[in-house]
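Chains, contacts and geometry: an overview
These are the residues of each chain, in order.
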Amino acid sequence: MTDTALLAAALAAIAGGLAALAWTRSRRRGERGDRFRTSPHYTQGLHYLTAGQLEPAISELTKVTREEPGAVDVVQVLSHLLREAGQVEKAILLHQGLLARGDLTRAERAYVLAALGTDFRKAGFLDRATRAYAEALEVDPRNLQALVGQQKLHEEQGQWQEAYEVQTRLARLRKTDDSLVLAHLQAELGREALRAGRRETAEAAFKAALALHRRVFPAHLGLADLFAESDPRRAAAILEDAIAAAPERAYLAFEPLARAYTACREPSRFAAVCERLIRQDPRDWRARVALARQLRAEGKPEESLGLLLRAVEANPQVLLVHLEAWRTLRALGVVGEAEARYVAVAEESAFYVDPHICTACRYRADDMLWRCPHCHEWDTFVEERLGPAAGR
Ligand SMILES: [Zn+2]
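1. With respect to the overall build of the protein chain
From N to C terminus, the protein chain includes 20 helices and three strands. The 392 residues of the protein chain split such that 47% are buried. Pairs at least 24 apart in sequence give 51% of the contacts found in the protein chain among residues at least 6 apart. Surface exposure of the protein chain reaches about 19300 Å², of which carbon and sulfur atoms provide 53%.

Shown next, in the form of structure tokens:
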């Protein structure tokens, strides 16, 4: 491995980017500014970089660029590190300095413009980021970094149609199967249309999402929502499909499904769905809790408690199961005033009642999220009890 490749690999490990590799591949080797390789600061910087020590690596590489301003590779890597370290302003200055040089190849110029776009995006200057990505793509329409940045920019601004178009281009260029992300983007388009009351557009978008990927749960939910009032039988069938496609997410369909069955005057079908899910997966505490709730509402608290006790045995760490058991005990009338006070305090102070976690970056949320607000990946959330290792 050459030291440039090592530098790129170390950077990729730290910054999580393929960008540096693309950069070094695009370089004409050994033509200019290669004297930096003999600098002790360069060797030391590489050493820190491989050890994952960001700050000392930045300090050493900064010294290299002062000694040798022509070391374009080093400037580029350094600006990535600065961005990762939160020093975006310095990264912007370095990238602008590179662009002022007259000796960059087209690929290099596109690459630096794309990196500058990402600097601006991270700094919150969305207009400037948009312009930098567009310029990068004018110089090199196949620049993947600019396309990825542009796509993220559209997502961050809720521009789902534009995000979908760029993602389609990316999938074609990279020859990757992005159907899951594309399906989620269609589902977002559908949700947006639904909120605006454009029902036909919403229906078309949800159907397009499901044609791309059957496991995209929000598309099933949205489609069922469209028919909830006009055709509850159809809504129920859509939700049953959703559960068949992704049984581990069945709980997200419970509320609308129970409503749909009630609207069809067949409320007992909901219990049958829960029972089937419990048979399929005896650890499915959500189906037990849902069934227990229904039994309590039907005035059968003893049966409800029986189910909940089995759920506690199977998943003692799940707070929601305990909360539900307390409520059922209250309905049974066996809770005294002191216990009731304790339960009320516990209910109020419970934090992360229903923890979900991103399998990509371990971000936690108290709900199912379709797009991670931290790492921006789609469909990475699982119930925390499953653990990231058990993710799809
Ligand atoms: Zn994440």
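The discussion continues.
2. Observations regarding the packing of aromatic side chains
Tallied over the full model, the rule gives six aromatic pairs. When the centroid spacing of 4.9 Å and the interplanar angle of 75° are considered together, the rings of Phe36 and Tyr42 count as edge-to-face. The buried category is assigned to Phe36, whose relative accessible area is 3%. By relative accessible area, Tyr42 is classed as buried at 1%.

3. Let's talk about helix α13 (residues 217–227)
α13 sits mainly inside the fold: nine of its eleven residues count as buried. Those residues of α13 lying buried are Phe217, Pro218, Ala219, His220, Gly222, Leu223, Ala224, Leu226 and Phe227. Tucked inside the fold, the buried residues of α13 contact α11 (179–195), α12 (199–212) and α14 (232–245).

4. Concerning the coordination of the zinc ion
For the zinc ion, every protein donor is listed as Cys358 (SG), Cys361 (SG), Cys372 (SG) and Cys375 (SG), and the spread of their distances is 2.3 to 2.4 Å. Viewed at the metal, the four donor atoms of the zinc ion are separated by angles of 106 to 114°, and the geometry they form is tetrahedral. In the primary sequence, the donor residues of the zinc ion line up as C-x2-C-x10-C-x2-C.

5. Points about the environment of Cys375
For Cys375, the position within the fold is in the loop between β2 (364–365) and β3 (381–383). Each C-alpha atom, one on Cys375 and one on Arg362, is 9.3 Å from the other, the two residues being 13 residues apart in sequence. Setting aside chain neighbours within four positions, we find Cys375 in contact with Cys358, Ala360 and Cys361.

6. Description of unusual backbone geometry
Even without being glycine, Lys175 reaches a positive phi, approximately 55°. Here Lys175 shows up in the loop between α10 (160–174) and α11. In this model, Arg362 sits at a positive phi of 65°, which is unusual for a non-glycine residue. Take Arg362: its relative accessible area is 53%, and that puts it in the exposed class.

7. Topic: the nonpolar core
Formed by 69 residues in total, the largest nonpolar core has its most connected members in Phe254 and Leu257. For Leu257, the contacting residues outside a window of four places in its chain are Ala236, Leu239, Ile243, Phe270 and Val273. In terms of nonpolar packing, the next biggest core, distinct from the first, is built from 24 residues, Ile92, Leu104, Ala129 and Val166 among them.

8. Side note on the pattern of salt bridges
If you walk through the whole model with that rule in mind, you get 20 salt bridges. Its salt-bridge partner being Arg83, residue Asp119 comes within 2.7 Å of it at the nearest N-O pair. Of this pair, Asp119 sits in helix α7 (residues 106–123) while Arg83 sits in helix α5 (residues 72–84), placing them 36 residues apart in sequence.

9. Some words on the packing of helix α8 (residues 126–139) against helix α9 (residues 144–156)
At their nearest, the axes of α8 and α9 sit 9 Å apart, and the two run at 150° to each other. Relative to α9, the element α8 is oriented roughly antiparallel. At the point where α8 passes α9, the crossing takes the left-handed sense. Here Leu126, Ala129, Thr130, Tyr133, Ala134, Ala136 and Leu137 of α8 come into contact with α9, specifically with Gln145, Ala146, Leu147, Gly149, Gln150 and Leu153. Across the contact of α8 with α9, the residue classes tally to nine nonpolar, four polar and no charged.

10. With respect to the confidence of the model for the protein chain
Overall, the prediction assigns the protein chain a mean pLDDT of 87, with 89% of residues at 70 or greater. Within the model, the stretch residues 387–392 combines pLDDT values under 50 with ten contacts to residues more than four positions away or in other chains.

11. As for α14
Helix length check: α14 (14 residues) gives 20 Å between terminal C-alpha atoms against 20 Å at 1.5 Å per residue, within 8%. Turning to α14, the residues buried within the fold contact α13, α15 (254–263) and α16 (268–280).

12. What to know about the environment of Val75
Turning to its location among the elements, Val75 is positioned in helix α5. Taking the C-alpha atoms as reference points, Val75 and Leu94, 19 residues apart in sequence, are found 6.8 Å from one another. Beyond its immediate chain neighbours, meaning those up to four positions away, Val75 contacts Thr65, Pro69, Leu94 and Leu98.

13. Things to note about the sheet that holds strand β1 (residues 356–358)
With respect to topology, three strands assemble into an open sheet ordered β2-β1-β3, the strand pairing being antiparallel. In this open sheet, the two strands that pair with only one neighbour each are β2 and β3. Relative to β3, β1 runs antiparallel, the two being bridged by three bridges. Bridging across to β3, His356 finds its partner in Glu383.

What counts, and at which threshold
Residues numbered from 1 in each chain as written. Predicted model: local features only at pLDDT ≥ 70, side-chain atom pairs only at ≥ 80, totals over all residues. Heavy atoms only, no water. Helix = DSSP H or I, 4+ residues; strand = E, 2+ residues; numbered from the N terminus. Buried < 20%, exposed > 50% of the residue type's maximum accessible area, 1.4 Å probe, protein only. Contact = heavy atoms within 4.5 Å. Areas by Shrake-Rupley, 256 points an atom, 1.4 Å probe, with all protein chains shown as cover. Phe/Tyr/Trp six-rings, centres within 6.5 Å; stacked < 30°, edge-to-face > 60°. Donors = N, O, S within 2.8 Å, 3.2 Å for Na, K, Ca; no water. Tetrahedral: all angles 85-135°; square planar, octahedral: opposite > 155°, others 65-115°. Core = buried A, V, L, I, M, F, W, Y, C linked by side-chain atoms within 4.5 Å. Salt bridge = Lys/Arg side-chain N within 4 Å of Asp/Glu carboxyl O. Axes fitted to C-alpha atoms, helices over the stretch in contact; angles between N-to-C directions. Parallel < 35°, antiparallel > 145°, perpendicular 65-115°, else oblique. Left-handed = near helix turned anticlockwise from the far one by under 90°. Nonpolar A, V, L, I, M, F, W, Y, C, P; charged D, E, K, R; others polar. pLDDT = per-residue confidence, 0-100. Expected span 1.5 Å × (residues − 1). Pairing = 2+ DSSP bridges.

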